[in-house]
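# Descriptive structure summary
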Amino acid sequence: MGEQLSPEQKFELVTRNLQEVLGEEKLKTVLQERELKVYWGTATTGKPHVAYFVPMSKIADFLKAGCEVTILFADLHAYLDNMKAPWELLDLRTQYYEQVIKAMLESIGVPLDKLKFVKGTDYQLSREYTLDVYRLSSMVTEHDAKKAGAEVVKQVDHPLLSGLLYPGLQALDEEYLKVDAQFGGVDQRKIFTLAEKYLPSLGYAKRAHLMNPMVPGLTGGKMSSSEEESKIDLLDRREDVKKKLKKAFCEPGNVENNGVLSFVKHVLFPLHSEFVIKRDAKFGGDQVYKVYEDVEKDFAAEQVHPGDLKASVEEALNRLLDPIRKKFESPELKKLTATAYPPPSKNKAAPKGAKGGAGGGAGGGDDEEVVPSRLDIRVGKIISVEKHPDADSLYLEKVDVGEAEPRTVVSGLVAYVSQDALQDRMVVLLCNLKPQKMRGIESQAMLLCASIEGDPRRVEPLDPPEGSSPGEQVYVDGYDSGKPDDKLNPKKKIFEKIQVDLKISDACAAQWKDKDLMTKLGQITCKTLKGGNIS
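Residues numbered from 1 in each chain as written. Predicted model: local features only at pLDDT ≥ 70, side-chain atom pairs only at ≥ 80, totals over all residues. Heavy atoms only, no water.

## As for the overall build of the protein
Of the regular secondary structure elements, the protein holds 16 helices and 23 strands. The buried share of the protein, taken over its 535 residues, is 54%. Residue pairs at least 24 apart in sequence account for 74% of intrachain contacts in the protein once pairs closer than 6 positions are excluded. (Helix = DSSP H or I, 4+ residues; strand = E, 2+ residues; numbered from the N terminus. Buried < 20%, exposed > 50% of the residue type's maximum accessible area, 1.4 Å probe, protein only. Contact = heavy atoms within 4.5 Å.)

Dropping the structure here:
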């Protein structure tokens with residue numbers, strides 16, 4: 001595929017849209033001499049979902065650049081990932097992964113004859129590989145193994161040995177697959193640096209590493225294979241796609257952590273080199289974009305409405321999913337899907353342990369209880385509010401939440417609430433999310449609001465009871481005991497799971513599963529948005 005491209009053009013294709021590359025000079029040297037050999041691996045645990053189009057579109061780039069690409073179905077890694085499934089079930093899941101990933105690649109126009117598919121246990125149980133595992137285990141310290149897996153293996157006080165082995169096995173895969181580079185998410189970085197450190201100690205070459213950014217899921221946060229409402233499945237019906245996209249975080253003018261925009265950037269543009277916003281003629285008609293940055297610029301300036309963006313992504317996504325749905329209508333693949341992923345009631349309980357994916361794969365569940373008492377929600381008082389210096393749609397607020405210093409909060413309320421109305425206002429904040437930078441400024445809490453979608457969208461900050469003071473705890477009636485998490489782990493998506501059931505009642509009371517949000521003085525409310533959502 002890359003016969004007509006220069007080494008420089010191939011390098012540009014291989015590295016575009018990546019967050020980081022380790023070993024650029026090695027890549028350039030190889031590309032001057034021959035085609036690059038790259039591998040991407042995925043642990044065959046939870047069902048692949050639409051977020052897998054992100055690595056798939058990058059694999060398409062590799063093939064356009066003439067690379068020899070190997071896709072590893074890491075079944076042994078999946079077994080070590082918490083021993084969530086017996087070998088018989090893992091074998092079925094590996095078959096499912098192979099069929100569904102082939103269908104994805106076909107739907108984006110990737111010729112399968114240019115790819116090599118390998119199952120981990122085809123070589124990872126060999127005498128040579130096993131001896132190298134022991135050799136590596138004699139060199140890697142517990143500290144280095146735990147550090148390497150910190151982003152992809154569940155961190156516990158007494159980790160299973162399987163989780164400590166995981167990073168080393170992934171490093172050895174580079175040698176046994178005979179590649180020049182490994183591709184994965186930036187969450188794999190510490191595993192990649194472990195490989196660079198220890199493979200030469202075994203007498204093997206140091207490889208290059210290509211890292212995708214961690215792209216937000218379409219429905220907010222990182223998509224989880226184990227949470228049905230948090231992700232769009234590759235076999236979801238059109239009406240399910242519409243329903244889930246409707247819930248997606250897509251605040252007007254806010255381009256930070258916007259999974260809908262990220263899908264346009266990392267999937268649709270690399271595949272099609274353009275994106276079309278579909279809209280009614282009275283709102284300007286269809287708009288064709290040839291450069292992603294123009295989409296983001298217009299969205300930030302609120303010249304593109306979230307509803308139009310979602311509808312356009314929905315149409316483009318369904319075009320990608322239709323061939324996959326059609327392929328899986330066959331009786332054989334329907335049976336494979338049902339047996340590889342039986343209903344939860346038929347699954348055996350599994351012990352807690354390691355969690356992660358090989359080379360950027362996704363999967364795994366979470367046995368921790370998801371209850372609202374884990375959220376640190378407090379009353380706050382806005383003591384200052386000004387426009388964000390780099391975003392017209394965002395406010396920059398200082399909020400007293402009962403601590404020694406006020407917290408900095410960035411919120412997209414410019415279109416809905418005036419500065420004067422926010423100044424000195426009492427509000428409700430979620431205080432134990434991981435701080436996030438929004439246009440260069442770290443937001444240390446989330447200001448909770450009621451909202452109703454529509455044209456125009458309506459948004460109101462929640463109101464604490466009269467007489468409330470900064471720092472007072474907000475709880476769900478019946479869940480007022482228990483200590484909130486110090487920090488909510490973004491990978492667990494605790495808030496996202498709870499948020500699904502946060503609503504405004506017909507009496508304008510904030511509720512979770514029909515139970516009131518309260519302080520010691522009474523109910524949390526909003527002024528007018530009956531039946532709204534809370535975010």
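Still to come is the rest of the account.
## Here's the deal with the sheet that holds strand E6 (residues 208-212)
The strand order across the open sheet built from 6 strands is E1-E6-E5-E2-E3-E4, with neighbouring strands paired in mixed fashion. In this open sheet, the two strands that pair with only one neighbour each are strand E1 (20-22) and strand E4 (115-119). This sheet shows a mean twist of 25 degrees between the axes of neighbouring strands, independent of strand direction. Two elements, strand E2 (residues 37-43) and strand E5 (residues 181-185), share 3 bridges in a ladder whose sense is parallel. (Pairing = 2+ DSSP bridges. Axes fitted to C-alpha atoms, helices over the stretch in contact; angles between N-to-C directions.)

## Structural notes on the confidence of the model for the protein
Summary statistics for the protein give a mean pLDDT of 87 and a share of 90% for residues scoring 70 or more. Counting contacts from residues 221-228, a segment whose pLDDT is below 50, to residues more than four positions away or on other chains yields 31 contacts. Below a pLDDT of 50 lies the segment residues 345-367, which in the model reaches 86 contacts outside its immediate sequence neighbourhood of four places, other chains included. (pLDDT = per-residue confidence, 0-100.)

## What about unusual backbone geometry?
The amide bond that connects Asp-455 to the next residue, Pro-456, takes the cis arrangement and shows omega of 10 degrees. In this model, Lys-178 sits at a positive phi of 55 degrees, which is unusual for a non-glycine residue. For Lys-178, the location among the structural elements is in the loop between helix H8 (161-176) and E5. Look at Asp-514: it is not a glycine, yet its phi comes out positive at around 70 degrees. Here Asp-514 shows up in the loop between strand E20 (510-512) and strand E21 (515-519).

## Some points on the pairing of E5
By the criterion of burial, E5 is predominantly enclosed, with 5 of the 5 residues buried. The pairing of E5 with E6 spans 5 bridges and is classified as parallel. Across the sheet, the residue bridging to Ala-181 is Ala-208, located in E6. In this view, the connection linking E5 to its parallel neighbour E6 by way of helix H9 (residues 189-198) has right-handed handedness. (Right-handed = clockwise from strand over helix to strand, strands pointing away.)

## Here we look at the nonpolar core
Membership of the largest hydrophobic core comes to 75 residues, with the highest contact counts inside it found for Phe-53, Ile-59, Leu-210 and Leu-309. Among the elements that make up this core, the one with the highest residue count is helix H11 (residues 259-272) (8 residues). Of all hydrophobic cores here, the second largest spans 28 residues; its members include Val-140, Leu-169, Leu-199 and Leu-202. (Core = buried A, V, L, I, M, F, W, Y, C linked by side-chain atoms within 4.5 Å.)

## Looking at helix H12 (residues 292-300)
Looking at H12, one finds that the buried residues are Tyr-292, Val-295, Asp-298, Phe-299 and Ala-300. Trailing H12 by a residue or two, Glu-302 shows a phi angle of about 60 degrees, which is positive.

## Details of the packing of helix H5 (residues 87-107) against helix H14 (residues 331-340)
Axis separation between H5 and H14 bottoms out at 9 Å; the angle between their running directions is 135 degrees. Taken together, the axes of H5 and H14 lie oblique to each other. For the pair H5 and H14, the crossing hand works out as left-handed. Seen from H5, the contacting residues are Leu-89, Leu-92, Arg-93, Gln-95, Tyr-96 and Gln-99; seen from H14, they are Leu-333, Leu-336, Thr-337, Thr-339 and Ala-340. Taken together, the residues that form the contact of H5 with H14 break down as 6 nonpolar, 4 polar and 1 charged. (Parallel < 35°, antiparallel > 145°, perpendicular 65-115°, else oblique. Left-handed = near helix turned anticlockwise from the far one by under 90°. Nonpolar A, V, L, I, M, F, W, Y, C, P; charged D, E, K, R; others polar.)

## Digging into helix H10 (residues 238-246)
Those residues of H10 that fall on the buried side of the exposure criterion are Asp-240, Val-241, Lys-244 and Leu-245. Buried residues of H10, viewed axially, fall in a sector of 125 degrees; they line one side. Tucked into the core, H10 has its buried residues touching helix H13 (306-327). (Arc of directions from axis to C-beta.)

## Concerning the pattern of salt bridges
Per the stated rule, a full pass over the model turns up 29 salt bridges. Here Lys-290 and Glu-274 are joined by a salt bridge, their closest N and O atoms 2.5 Å apart. Residue Lys-290 is found in the loop between strand E8 (287-289) and H12, and its partner Glu-274 is found in the loop between H11 and strand E7 (275-277); the two are separated by 16 residues along the sequence. Using a relative accessible area of 56% as the deciding quantity, one classes Lys-290 as exposed. (Salt bridge = Lys/Arg side-chain N within 4 Å of Asp/Glu carboxyl O.)

## Some thoughts on the packing of aromatic side chains
A complete count under the given rule lists 11 aromatic pairs for this structure. Centroid distance Tyr-52 to Tyr-97: 6.4 Å. Interplanar angle 75 degrees. Geometry classified as edge-to-face. Residue Tyr-52 is found in the loop between E2 and helix H3 (53-64), and its partner Tyr-97 is found in helix H5; the two are separated by 45 residues along the sequence. Note on Tyr-52: relative accessible area 3%, which makes it buried. Centroid distance Tyr-123 to Tyr-176: 6.3 Å. Interplanar angle 5 degrees. Geometry classified as stacked. On the criterion of sequence distance, the pair formed by Tyr-123 in the loop between E4 and helix H6 (127-137) and Tyr-176 in helix H8 is long-range, its members being 53 residues apart. (Phe/Tyr/Trp six-rings, centres within 6.5 Å; stacked < 30°, edge-to-face > 60°.)

## Quick word on the pairing of strand E17 (residues 458-461)
By the bridge criterion, 4 bridges tie strand E16 (residues 449-452) to E17 in an arrangement that is antiparallel. Residue pairing in the sheet places Cys-449 in a bridge with Pro-461 of E17. With antiparallel pairing between neighbouring strands as the criterion, E16 and E17 make up a hairpin whose turn holds 5 residues, including Gly-454 at a positive phi of roughly 160 degrees.

## So, the packing of H3 against H11
Packing of H3 against H11 brings their axes to within 9 Å, and their N-to-C directions diverge by 35 degrees. Considering the relative orientation of H3 and H11, their crossing is left-handed. Each of Phe-53, Val-54, Ser-57, Ala-60 and Lys-64 in H3 lies in contact with H11, whose residues at this interface are Phe-263, His-266, Val-267, Pro-270 and Leu-271. Considered class by class, the residues forming the contact of H3 with H11 number 7 nonpolar, 2 polar and 1 charged.

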